[in-house]
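Observations on chain architecture
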Amino acid sequence: MPQDSPLAYSLSQVEEGWRWCVYDQDGVTVADGADETRDAAEAAVALTLRWPPVHYRVFG
């Protein structure tokens, strides 16, 4: 099961589309990416918030 630590994210419009980044509670980036549309970037963030990268998950 994914760790329950809080995560935050940012979305930034760039010339090529949208950049997104997800951070842990210490401000360390756990995932980032870029998409052509805001909807696609928001979907990527939502997926990352539900299922953080494997190196960030804690299993117990």
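Note that the structure is a prediction, hence the values are computed from the model and not measured.

**A closer look at the nonpolar core**
Among the nonpolar cores identified, the biggest contains eight residues, and these are Trp18, Trp20, Val22, Val30, Ala31, Ala41, Ala44 and Val45. Sorting the residues of this core by element identifies β2 (17-23), β3 (29-35) and α1 (38-50) as the ones contributing at least two each.

**Re the environment of glutamate 15**
Take glutamate 15: it is sitting in the loop between β1 (8-14) and β2. On the basis of relative accessible area, glutamate 15 is assigned to the exposed category, the value being 82%. Here the alpha-carbon distance between glutamate 15 and glutamate 36, two residues 21 residues apart in the chain, equals 9.5 Å.

**Some points on the pattern of salt bridges**
Considering all chains together, one arrives at two salt bridges under this definition. With a closest N to O distance of 4.0 Å, aspartate 32 and arginine 19 form a salt bridge. Highlighted residues: aspartate 32 in strand β3 and arginine 19 in strand β2, separated in sequence by 13 residues. Since its relative accessible area comes to 46%, aspartate 32 is described here as partly exposed.

**Considerations on the pairing of β3**
As defined by bridge partners, β2 adjoins β3 across six bridges and the pair is classed as antiparallel. Looking at the pairing, tryptophan 20 lines up with glycine 33 of β3. Hairpin connection between β2 and β3: a loop of five residues separates the two successive antiparallel strands, and glycine 27 in this loop has a positive phi of roughly 85 degrees.

Conventions adopted
- Residues numbered from 1 in each chain as written.
- Predicted model: local features only at pLDDT ≥ 70, side-chain atom pairs only at ≥ 80, totals over all residues.
- Heavy atoms only, no water.
- Core = buried A, V, L, I, M, F, W, Y, C linked by side-chain atoms within 4.5 Å.
- Buried < 20%, exposed > 50% of the residue type's maximum accessible area, 1.4 Å probe, protein only.
- Helix = DSSP H or I, 4+ residues; strand = E, 2+ residues; numbered from the N terminus.
- Salt bridge = Lys/Arg side-chain N within 4 Å of Asp/Glu carboxyl O.
- Pairing = 2+ DSSP bridges.

Read these as spatial facts, not as claims about activity.
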